[in-house]
Each structure stands twice: as C-alpha cells, then as structure tokens.
Amino acid sequence: GVQTCALPISDVTWQMMLGLWRAEFEGQQRGATVLLEPNPAHAGSFSGGVNRNGERAQVAGDIEYGEFTLEESADGQRIAATWLGDLVEGSCGREIRGTWKAEGQTQALPFVMRKQ
C-alpha cells in the first residue's frame, strides 16, 4: 500500500527539498525535471535548475511552514515564472501541489511535483 508519513508539514526542512523532482502541469503534455541544491547566496534556502526537454532555466526558492515558493528565471536576472505550492500532508515532503504562473500572465497552471 501507499506509505503514509507521520511527519507534520511544519517539520519538513529545506534540506528535505534538495534533490531531483518531477513536475507535471495540468493539461500539458510536457513535464519538467527540477533539481534543487543548497543556495550558496542565501543560507536556509535552495536554488537549482528546471529542465523542460532540454529547455533550461534557473530557479531559487524556499519553504516556510509547508509553503513552497520557487522563482524561475531564464537569464538569472528577471523572474520569468513563479511556482507557489503547498506540501501534501502525509507525503513526508515528497509531494508538492500548487500553481505555476508565467510573469505577466493572469492564468496560472496547476502543477504537482514529486521527489524522485
């Protein structure tokens, strides 16, 4: 059966976010791979990259009280998109659900991210 986790969302640390994730977007054929590593510029947060079938962008973000925030940038300067999500209860910090929104767009795309 599915393993449930007794760890409360508030106890999930930023370190538990590190590693490789798979993101799927609602209504989109193409998913993305997200690699999160410790952010050298900001202690207690993460940075890394997103890869959509070879199309790459940089990401940086953090997690606070189970709320996941990731800013995506193609050039490392301007924010191209924002990921806002919540840790799924009972997933031990291995699943995040939320919305992905491109800068300047009103329409947000639901996503689910799962730790690989």
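Use the structure listed above.
It should be emphasised that the depicted structure is a prediction, and the values quoted were computed from it without experimental measurement. (Residues numbered from 1 in each chain as written. Predicted model: local features only at pLDDT ≥ 70, side-chain atom pairs only at ≥ 80, totals over all residues. Heavy atoms only, no water.)

### Side note on the environment of D75
By the secondary structure assignment, D75 is in the loop between β5 (67-73) and β6 (81-87). Note: C-alpha distance between D75 and A57 (18 residues apart in sequence) is 7.4 Å. A distance of 3.1 Å separates the side chain of D75 from the side chain of S73, its partner in a polar contact. For D75, the side chain forms a polar contact with the main-chain nitrogen of R78, separated by 2.9 Å. (Helix = DSSP H or I, 4+ residues; strand = E, 2+ residues; numbered from the N terminus. Polar contact = N/O pair within 3.5 Å; in protein donor to acceptor, adjacent residues only side chain to side chain.)

### Remarks on the state of the cysteines
All told, the structure shown has 1 disulfide when counted by the stated rule. Each disulfide pairs two cysteine sulfurs, and for C5 the partner residue is C92, the sulfurs being separated by 1.8 Å. Residues C5 and C92 share a disulfide whose torsion about the S-S bond is about 60°; that sign makes it right-handed. Here the residue C5 occupies a position in the segment before β1 (19-25), and C92 occupies one in the loop between β6 and β7 (95-102), the gap between them amounting to 87 residues. (Disulfide = S-S within 2.5 Å.)

### Quick look at the pattern of salt bridges
Tallied over the entire structure, the rule returns 6 salt bridges. The salt bridge involving E72 is made with R52; its shortest N-O contact spans 2.8 Å. Of the two residues, E72 sits in strand β5 while R52 sits in strand β3 (residues 46-52), which places them 20 residues apart along the sequence. Bridged by salt links that share partners, the residues E95, R97 and R114 form one connected network. (Salt bridge = Lys/Arg side-chain N within 4 Å of Asp/Glu carboxyl O.)

### Thoughts on the packing of aromatic side chains
Under the counting rule described, the total for this entry stands at 4 aromatic pairs. Their ring planes at 70° and their centres at 5.0 Å tell us that W83 and F111 sit as a pair that is edge-to-face. Linking W83 in strand β6 with F111 in strand β8 (residues 109-115), this pair joins segments that are 28 residues apart in sequence. Each member of the pair, W83 as well as F111, carries the same accessibility label: buried. Each residue in the set F25, W83, W100 and F111 is aromatic and connected to the rest through ring pairs, giving one cluster. (Phe/Tyr/Trp six-rings, centres within 6.5 Å; stacked < 30°, edge-to-face > 60°. Buried < 20%, exposed > 50% of the residue type's maximum accessible area, 1.4 Å probe, protein only.)

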